[in-house]
Amino acid sequence: MSIIAPSLLAANFLKLEDECKMLNESEADWFHLDVMDGRFVPNISFGPMLVEFFRKATTKVCDVHLMIEEPGNFAEQFKNAGADILSVHIEACPHLHRNIQQIKSLGMKAGVAVNPHTPVSALSDILHDINLVCLMSVNPGFGGQKFIPYTLDKIKQLRKMIDEKGLKVQIEIDGGVTVENAASIIAAGADVLVAGNTVFKSADPKATIAELKSL
Ligand code: DX5
Ligand code: ZN
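Owing to the predicted nature of the structure, the values given are computational and were not obtained by experimental measurement.

1. Some thoughts on the site of ligand 1
Then step 1. As a structural note, the neighbourhood of ligand 1 is formed by 20 residues, with Asp34, Gly141, Asp174, Gly196 and Asn197 the closest of them.
Then step 2. With respect to ligand 1, the side chain of Asp34 contributes an N or O atom lying 2.7 Å from an oxygen atom.
Then step 3. In the complex, the protein chains occlude 98% of the 380 Å² of accessible area that ligand 1 would expose alone.
Then step 4. If you list the elements that add at least two residues to the shell around ligand 1, you get β2 (30–36), β3 (61–67) and β8 (192–195).
Then step 5. Among the elements that line the shell around ligand 1, the one with the most residues is β2, at three residues.

Have a look at this one:
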């Protein structure tokens, strides 16, 4: 059974309390929180202040996806805000190993996010240090984009790398996940499904989460 991580980026921000209540009552496992700085990605979303509100609104895992440059400058703030998992982009981190050590020393689980053009082989020497790989199946910056089909090959390659090394690293797929394509994503070897628009634009979000969970 997969871990379902709805992305609050697609929520109605005028009704965040209701949206959190809905997720708390649902079979969702994690809250996926997308932080964007307008530099690493061409969009700005929210920062630690909002993560702190989400932390207070749920006991579920807060999975924070940093799409920002120099994430090391903010790791402590996100820890204090209540992040359980902190993912940084490989493309934003020339000293990725140092970033990962910092995240873990602060007591969070460490994730590495990779853009569609980045080969999974780039993770080979960091895999044993991390808890999660966030494989982007769209170009980061916006919700509601179409799943890039080649991601399925990347999931299979990464699954093989992780299994061959005997590691427990989780594979999270982020972007364009739908009720229609989720089964093939899981079959390719994914552990965690992020879903923004598919959940929040659904007529019955709880039922959609349950459906994703049942696949
Ligand atoms: C994109 C974000 C995603 C996004 C997914 O930059 O990292 O988490 O919210 O949204 P959907 O599921 O709508 O593609
Ligand atoms: Zn994300």
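Additional details are given in the paragraphs that follow.
2. Considerations on the packing of helix α1 (residues 16–25) against helix α2 (residues 48–57)
Two packed helices can be described by the angle between their axes and the distance between those axes.
Then step 1. One can describe the packing of α1 onto α2 by two numbers: an axis separation of 10 Å at closest approach and a directional angle of 45 degrees. If you check the angle between α1 and α2, you find them oblique. Classified by chirality, the crossing of α2 by α1 is right-handed. Taking contact as the criterion, the partners of Leu16, Cys20 and Asn24 in α1 are, on α2, Leu50, Phe54 and Ala57.

What counts as what
Residues numbered from 1 in each chain as written. Chains lettered and ligands numbered in written order. Predicted model: local features only at pLDDT ≥ 70, side-chain atom pairs only at ≥ 80, totals over all residues. Heavy atoms only, no water. Near = heavy atom within 4 Å. Polar contact = N/O pair within 3.5 Å; in protein donor to acceptor, adjacent residues only side chain to side chain. Areas by Shrake-Rupley, 256 points an atom, 1.4 Å probe, with all protein chains shown as cover. Helix = DSSP H or I, 4+ residues; strand = E, 2+ residues; numbered from the N terminus. Axes fitted to C-alpha atoms, helices over the stretch in contact; angles between N-to-C directions. Parallel < 35°, antiparallel > 145°, perpendicular 65-115°, else oblique. Left-handed = near helix turned anticlockwise from the far one by under 90°. Contact = heavy atoms within 4.5 Å.

All we've got here are geometric facts, nothing functional implied.
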